[in-house]
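Here are the chains, one letter per residue:
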Amino acid sequence: MARNLLKNPAGEEQMEFWELTENGGSQWQVEEMPGDCGYNFGDDGVTKYFSTSFELCLKRQVVDLVAEGYAPDDLAAKPAVSVADWYSGRTDCGCTYQLTVCLLDENEEILQEFKPESVTLDPDCDDCSWKQVNHTFNDYGPGLRFISFEHGGQDTKYWDGWFGVRVTGSSVIVET
């Protein structure tokens, strides 16, 4: 049953299934790979990405594990939870990227959180091509019921339009 629990991880259905927790600037937009001043992705199966703007853009999904078919007894065994996300910048404008993933109990209280430092990409001195961030949750205590996945960012020059970080291919997998 190891499958990606995030719906619409690469924008094939526009913003469907995503809660826009911050939608600043020119707001979120879905674009075709590689996009203006963009980079090839390396997986022909991924053809779109989500693009951020000049003010903070964050989007989130909360996965209900019981609704996804996981029995409470399976979750009581504390299975490993693997998360991944792909992000890139542009060749003409810097950007910031952030990710927060939380394991939540039935009351949506945090059992464990993964929140790496935000990343700033500057095309003048950084490799802004597609990069993946990965994390596996283990030993997180009893009561897992929900997983919150939130990511996004913005550009660093406050240019009108979609010059911020690009994200795609996100995944949340429970290893049962």
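One structure accompanies this document, and this report is about it. Since this is a predicted model, take the numbers as computed values, not measurements.

Below, the discussion takes up the pattern of salt bridges. For the structure shown, the criterion picks out 8 salt bridges. In this structure, Arg166 and Glu31 form a salt bridge, with 3.9 Å as the shortest nitrogen-oxygen distance. Here Arg166, found in strand β11 (residues 166-175), pairs with Glu31, found in strand β2 (residues 29-32); they are 135 residues apart in sequence, far enough to count as distant. Note on accessibility: Arg166 and Glu31 belong to one class, buried. For Lys131, the salt bridge identified is with Asp127, shortest N-O distance 3.6 Å. The class for Asp127 is partly exposed, based on a relative accessible area of 47%.

Before going further, it helps to spend a moment on the packing of aromatic side chains. One pair of aromatic rings is described through two measures. These are the centre distance and the angle between the planes. Taken as a whole and assessed by the stated rule, the structure comprises 8 aromatic pairs. Ring geometry for Trp28 versus Phe50: centroids 6.3 Å apart, planes at 90°, classification edge-to-face. With Trp28 in the loop between β1 (19-23) and β2 and Phe50 in strand β3 (residues 48-51), this pair connects stretches of sequence that are 22 residues apart. On the accessibility criterion, Trp28 (8% relative accessible area) is buried. It is Lys59 that lies over the ring of Trp18; its NZ or CZ is 3.3 Å from the centre.

Quick look at the pairing of β3 now. When a strand is regular, its side chains alternate between the sheet's two faces. The two faces of β3 match: Lys48 and Phe50 on one face and Tyr49 and Ser51 on the other face are all buried. Two strands pair when backbone bridges link them, and β2 and β3 are joined in this way by 4 bridges, in the antiparallel orientation. Across the sheet, Glu31 pairs through a bridge with Tyr49, a residue of β3. Taken together, the 2 bridges between β3 and β11 define a ladder with antiparallel strand orientation. When the bridges of β11 are listed, Ser51 appears paired with Arg166.

Sheet architecture is open: 5 strands sit in the order β2-β3-β11-β5-β9, paired in antiparallel fashion. In the strand order of this sheet, the two ends are held by β2 and β9 (131-137), each with one partner. Each adjacent strand pair in this sheet contributes to an overall mean axis angle of 35°, direction not counted. In this structure, strand β5 (residues 80-88) lies alongside β9, joined through 7 bridges in antiparallel fashion. Within β9, the residue paired with Val83 across the bridge is His135.

Another aspect to go through is the environment of Ala80. Here Ala80 is to be found in strand β5. A residue is classified by how much of its surface remains accessible, and Ala80, at 19% relative accessible area, is buried. Ala80 sits 51 residues away from Gln29 along the chain, and the two C-alpha atoms are 32 Å apart. Not counting residues within four places of it along the chain, the set of residues in contact with Ala80 comprises Thr136, Phe137, Asn138, Ile173, Val174 and Glu175.

Reading guide: rules and limits
- Residues numbered from 1 in each chain as written.
- Predicted model: local features only at pLDDT ≥ 70, side-chain atom pairs only at ≥ 80, totals over all residues.
- Heavy atoms only, no water.
- Salt bridge = Lys/Arg side-chain N within 4 Å of Asp/Glu carboxyl O.
- Helix = DSSP H or I, 4+ residues; strand = E, 2+ residues; numbered from the N terminus.
- Buried < 20%, exposed > 50% of the residue type's maximum accessible area, 1.4 Å probe, protein only.
- Phe/Tyr/Trp six-rings, centres within 6.5 Å; stacked < 30°, edge-to-face > 60°.
- Lys NZ or Arg CZ within 6 Å of the ring centre and 35° of its normal.
- Pairing = 2+ DSSP bridges.
- Axes fitted to C-alpha atoms, helices over the stretch in contact; angles between N-to-C directions.
- Contact = heavy atoms within 4.5 Å.

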